[in-house]
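For reference, the chains in residue letters:
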Amino acid sequence: MQTNKNTQTSKTDRSAEKIKSFLSFKLDTELFAIPVMDVIEIVEVPPITKIPQSPEFLKGVINLRGAVLPIIDARVKFGFPSTEPTVNTCIIVLEVEINEEAIYVGALVDAVLGVFEMDENAISPSPTIGAKYKANFIKGMIKNDDNFIMLLDIDKVFSALEVDIVLEVSE
Amino acid sequence: MKKNILVVDDSESIREVVSTALEEAGYETTKAIDGQDGLVKLHAAQDIRLVISDLNMPNMDGISFLKEVRQIEKFKYLPIVILTTEAQETKKRAAQKAGATGWIIKPFEQNKLIAIVKKVLG
Amino acid sequence: MDGMRQIYIEEANELLDSLETALLALEENANDKSNIEQVFRAMHTLKGNSSMFGLTHISDFLHNLESIYDKVRIGELALSKELLDCTLAALDHLKIIVYSPDLEDPINKERHQQLSNEIQQLLDFETNNVPVKEDLLATKITASKTYHIYFEPYPNFFDDGSNPLLLLAEIAGMGKTVVVPHFKTIDFIEEFVPTECISFWDIYLETTHDEQSIFDVFVFVHDSAFINITEIPYQGLLNNPSFLEKVHATASTAAKMDIQELLSLSESLGINDKTLVEKSPKPNDNTVNGRIEKNKEKVASSVRISSDKLDELMNLVSELITTQASLSLFSENNKIAGLETISENIEKLSRRLRDVSFGMTLVPINNMFARFQRMIRDTAAAIGKEINFSTMGGETALDKAIIEKLVDPFMHLIRNSLDHGIETKEERIRLGKPEVGDISIKAYYSGVFVYIQIADDGKGIDVEAVRNKAIEKGLLGEGQNLSDKEIFNFIFHPGFSTAKVVTDVSGRGVGMDVAKRNIVDLGGDISIDSTTNIGTTITIKLPLTLSIIDGLLVNVDNIKYVVPLSAIVKCYEVENKLMKNNFNRLLILDGEQIPFVNLREEFDYELSCNLLSQIIVVYDGKHKVGISVDAIVDEYQAVIKPLGKYYKNQDFVSGATILGDGTVALVLDTNKVIDLHIKNTMKYAN
């Protein structure tokens, strides 16, 4: 099992601009980003043990250097059908907070794109019109080159509850 | 090279106070919880220059510990200082007879302890 | 020096706990010498530590107590209820002032003064209490002897700073003493050298110590004094006024007592040793008799270890076990000469290492029981009830951290029993029950859990009242039919208390709901069983979190599971077709009808194409159920890791373990699988 430790870009102290680093990843055709601070590491996908009778978004558990790590299928969370992993599929190991407790969880994503820096002030609020996902899961929108990247609130997205992130069309 | 002092006492509070005082004065310390443990540590450490020991301990008390140590050729002249409470003046004499180099009466002040240690170790 | 203070406080609390345990035990049996020794030692050490830290209030407070128990220890003083009660009160006071040793709080100061006076009185009373009548001596349990000690220091006695009075004081501490001082005659005052010792003594001692002990007092001064000890084989001399008159006659003269004269005097005045009732039979070796021998039994000495170090040790051991599993696998797959033996040896060693190190954080639940005993004793007395508190399975061990968190909920549950459960004496007599109420705690292991049952023989919980309250609160529909156990569960709902009056003793904010929450947080569960007028039993189930368990590794559709060995009764091989379309869901195994659970079906896997399945029959204390798996792989030592919050609902899996090949296997909670089966049976029955 190969592990790629993501490089943390240094947080330069430019007080006027609040520059933060983000990791972007892809689910199906959509792009998402999370603060690099919350990322522990990125690993390749080992055999995943599924727990019977568990919800679909819980893909199972893996062995991460001797610890048992739960894996969430991010595709399923965001309304995409589950697929077979490809060569680019990987797991982002995150630290999330659930009920005031810090827990490690792995997010199964289609591909990790890279790290980019962004001025926090340049993050626009998520659009309400044509929004695909419920507002409280998305912290904001980032425009990078030609792409729109959705910034996630990982504590909400990866909480243990089986909450629907996708907005029903009728709502 | 720091000089290593063995502190033998069944009370953790006393062990800590004594060893901290000694360490602050620039010595190295090894701790033991009773006479039995003291013997083990003495052999294991190989570089103990002075022993400070309580008298009242379970398993093997201070006097027995003294007698055992003095029987070992290597430790015949190892300085051993006894901690006693005032009420045990007579035990203090028994300790001297068993081979103690000196004694300190509990409770004692840090400076006094260090002064005695310096006097014994030079 | 804040860290030092912390160490002092920790050690002080440990000493006070050990003191309390010994005192409570002495209440039951005042003659147990080992407990008296424990009391004395705890007081002595705490006094020494306190004076070391300059906490004079505490060390002074302990001084007299220590003297009293020293006398008890050598048989000079008897333990009385008054003394024990006072000591327990002193103990409680000490528990408080350890944290505020300067007695700033006026309440503490007052209590301190009051207790000190009480202790002083007890000490004075006992020392002055001299048995006058001679026949009282006949009732002495231990044989005391009378000795004459002649002590004449040489003139140079003072030269090395020795003080003969200290020696006399030590002799006096060994028993009843009469000291007659003498001075050598000085003919000319000019000859008198003040630095020389001209005093000498005749000492008469009645003691249970033996001659050797008396001799030991003078062990150092043998070079500088003349000492002679003679046993006088007669009793009662030191109380005899004629004898005392005779020996004091030569006081302050140069004339020492002549031994022959002494012996004939004693014969005429004393009671011959042999006419006394000889030593009463000694029930146990603990009773003090003559030589105070060091307790030769191996006293279990202990060391305090920081819990961080323990956690680290545990993690390392777990990793070792996991790595060892890889080694086993490697050795199986690569036949290298000698490797298999080495791998097996490592497996045996790691197993033992695991048992020892995991045993370290496990603390017997006994410690907790002692605290409850105290609370029950005090509370019962306060509310006028008499309680018999019994415990079983005190040696059952739990993780130390869990035990700490259990104390509060348990206290609450026991208080409930005391307050609301056990009826008043009058009521109990009226119902034909024994006057003394029964509260018991029983602890035992089952599978990977520990069960603790708190039971009382009180008035029980009225199911109907609970049911009605639940309906009232909208938790239950009128027509709903629930079992008694399920109804009792409502008691754990916040704000549910059916107690009419919130008494001073219990029910103050700490409710059953909090107790349940504390237990569930630890990964456990709690349930109530009760019968009106018979009593109530509360069962608490807790996980043995530090789990490396022995299990059976099995395959169900390519996922590996571990079944704890402790739950397994027997394994069978069965043809699959017997399980298909089996409406009763029963198999006949060894002539017995055993229900079974088809895991493949349960877990929604495709039906097996195999011909055979393995049935593992497990037992949960009540039911035997067979669990079908595809294949049994091997016996396996599983280091259980928790699955975490995400899988809270999948409770039939109690954890996961990492196999030698790096993949994850799931640990089955067989009790839950059995529950699953029961649920299914009901489903099919409808």
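Scroll up to find the structure this text is about.
All values derive from a computational prediction rather than experimental measurement.

This paragraph deals with a negative patch on the surface. Residue and element names in this part refer to chain C. A contiguous patch of negative charge, built from Glu332, Glu340, Glu344, Asp634 and Glu635, is present on the exposed surface. Mapped by element, the contributors of at least two residues to the negative patch are helix H11 (339–361) and strand S21 (631–639). As for its position among the elements, Asp634 is in strand S21.

Evaluation of the coordinates by the stated rule reveals two cavities of 30 Å³ or more. By volume, the largest cavity amounts to about 60 Å³. Contributing to the lining of the largest cavity are Asp73, Arg75, Ser82, Thr83, Glu84, Pro85, Thr89, Leu108 and Asp110 of chain A. For the lining of the largest cavity, a count of residues per class yields two nonpolar, three polar and four charged. As a volume, the second largest cavity reaches approximately 40 Å³. Taken together, Ile321, Thr322, Ala325, Tyr636, Gln637, Val639, Lys641, Thr657 and Ile658 of chain C make up the full set of residues lining the second largest cavity.

Residue and element names in this part refer to chain B. The five strands lie next to each other as S2-S1-S3-S4-S5, forming an open sheet whose pairing is parallel. The open sheet has two edge strands, strand S2 (28–32) and strand S5 (102–106), and neither has a second partner. Along the sheet, successive strands turn relative to each other by an average axial angle of 20 degrees, direction set aside. One ladder, built from five bridges, connects strand S1 (residues 4–8) with strand S3 (residues 48–54); its direction is parallel. Each residue of the ladder has a partner; that of Ile5, found in S3, is Leu50. Seen against the sheet, helix H5 (residues 110–121) touches S1, S3, strand S4 (80–85) and S5 and runs at an angle of roughly 140 degrees to S3.

This next bit is on the interface of chain A and chain C. In this complex, chain A contributes 28 residues to the contact, which on the side of chain C involves 20 residues. Here chain A meets chain C over a buried area of about 1,900 Å², counting both sides, of which 68% is carbon and sulfur. When the buried surface of chain A facing chain C is broken down by residue, Pro52, Gln53 and Val68 of chain A rank first, second and third, together holding 31% of it. At the surface where chain A touches chain C, the tally comes to zero salt bridges. The interface formed by chain A and chain C contains six residue pairs in polar contact (both at pLDDT 80 or more).

Residues and elements named next belong to chain C. Interhelical geometry of helix H3 (residues 56–73) versus helix H4 (residues 81–97) gives an angle of 150 degrees and a closest axis separation of 12 Å. In this view, H3 runs roughly antiparallel relative to H4, as classed from their interaxial angle. At the point where H3 passes H4, the crossing takes the left-handed sense. Residue-level contacts link Ile58, Phe61, Leu62, Leu65, Ile68, Tyr69 and Val72 of H3 to Leu83, Leu84, Thr87, Ala90, His93, Leu94 and Ile97 of H4. Tallied by class, residues from the contact of H3 with H4 come to twelve nonpolar, two polar and no charged.

On to the pairing of strand S13 (residues 535–543) of chain C. Residue and element names in this part refer to chain C. Here S13 lies mainly inside the structure; eight of its nine residues are buried. Judged from the eight bridges that link them, strand S11 (residues 449–456) and S13 form a sheet pairing that is antiparallel. Each bridged residue has a counterpart across the sheet, and for Ile454 the counterpart in S13 is Ile538. In this structure, strand S12 (residues 525–531) lies alongside S13, joined through seven bridges in antiparallel fashion. By the bridge assignment for S13, Asp529 is matched with Thr537. Where S12 folds back onto S13 in an antiparallel hairpin, the turn is made up of three residues, including Asn533, whose phi is positive at roughly 70 degrees.

This part covers the sheet that holds strand S10 (residues 138–144) of chain A. Residues and elements named next belong to chain A. With mixed pairing, the five strands of this open sheet are ordered in space as S9-S2-S3-S11-S10. The open sheet has two edge strands with one neighbour each: strand S9 (111–119) and S10. In this sheet, adjacent strand axes meet at a mean angle of 35 degrees when their direction is disregarded.

The rules we used
Residues numbered from 1 in each chain as written. Chains lettered and ligands numbered in written order. Predicted model: local features only at pLDDT ≥ 70, side-chain atom pairs only at ≥ 80, totals over all residues. Heavy atoms only, no water. Patch = residues over 30% accessible without salt bridge, like charges linked within 9 Å, V, L, I, M, F, W, Y side chains within 5 Å. Areas by Shrake-Rupley, 256 points an atom, 1.4 Å probe, with all protein chains shown as cover. Salt bridge = Lys/Arg side-chain N within 4 Å of Asp/Glu carboxyl O. Lys, Arg positive; Asp, Glu negative; His and termini not counted. Charge placed at Lys NZ, Arg CZ, Asp CG, Glu CD. Helix = DSSP H or I, 4+ residues; strand = E, 2+ residues; numbered from the N terminus. 1 Å grid on protein atoms, 1.4 Å probe; cavity = no way out; pocket = protein on both sides within 12 Å on 5 of 7 lines; lining within 4 Å. Points joined across faces, edges and corners; volume = space filled by probe spheres on them. Nonpolar A, V, L, I, M, F, W, Y, C, P; charged D, E, K, R; others polar. Pairing = 2+ DSSP bridges. Axes fitted to C-alpha atoms, helices over the stretch in contact; angles between N-to-C directions. Contact = heavy atoms within 4.5 Å. Buried area = accessible area lost by both parts, 1.4 Å probe. Polar contact = N/O pair within 3.5 Å; in protein donor to acceptor, adjacent residues only side chain to side chain. Parallel < 35°, antiparallel > 145°, perpendicular 65-115°, else oblique. Left-handed = near helix turned anticlockwise from the far one by under 90°. Buried < 20%, exposed > 50% of the residue type's maximum accessible area, 1.4 Å probe, protein only.

Purely geometric stuff here, so don't read any function into it on its own.
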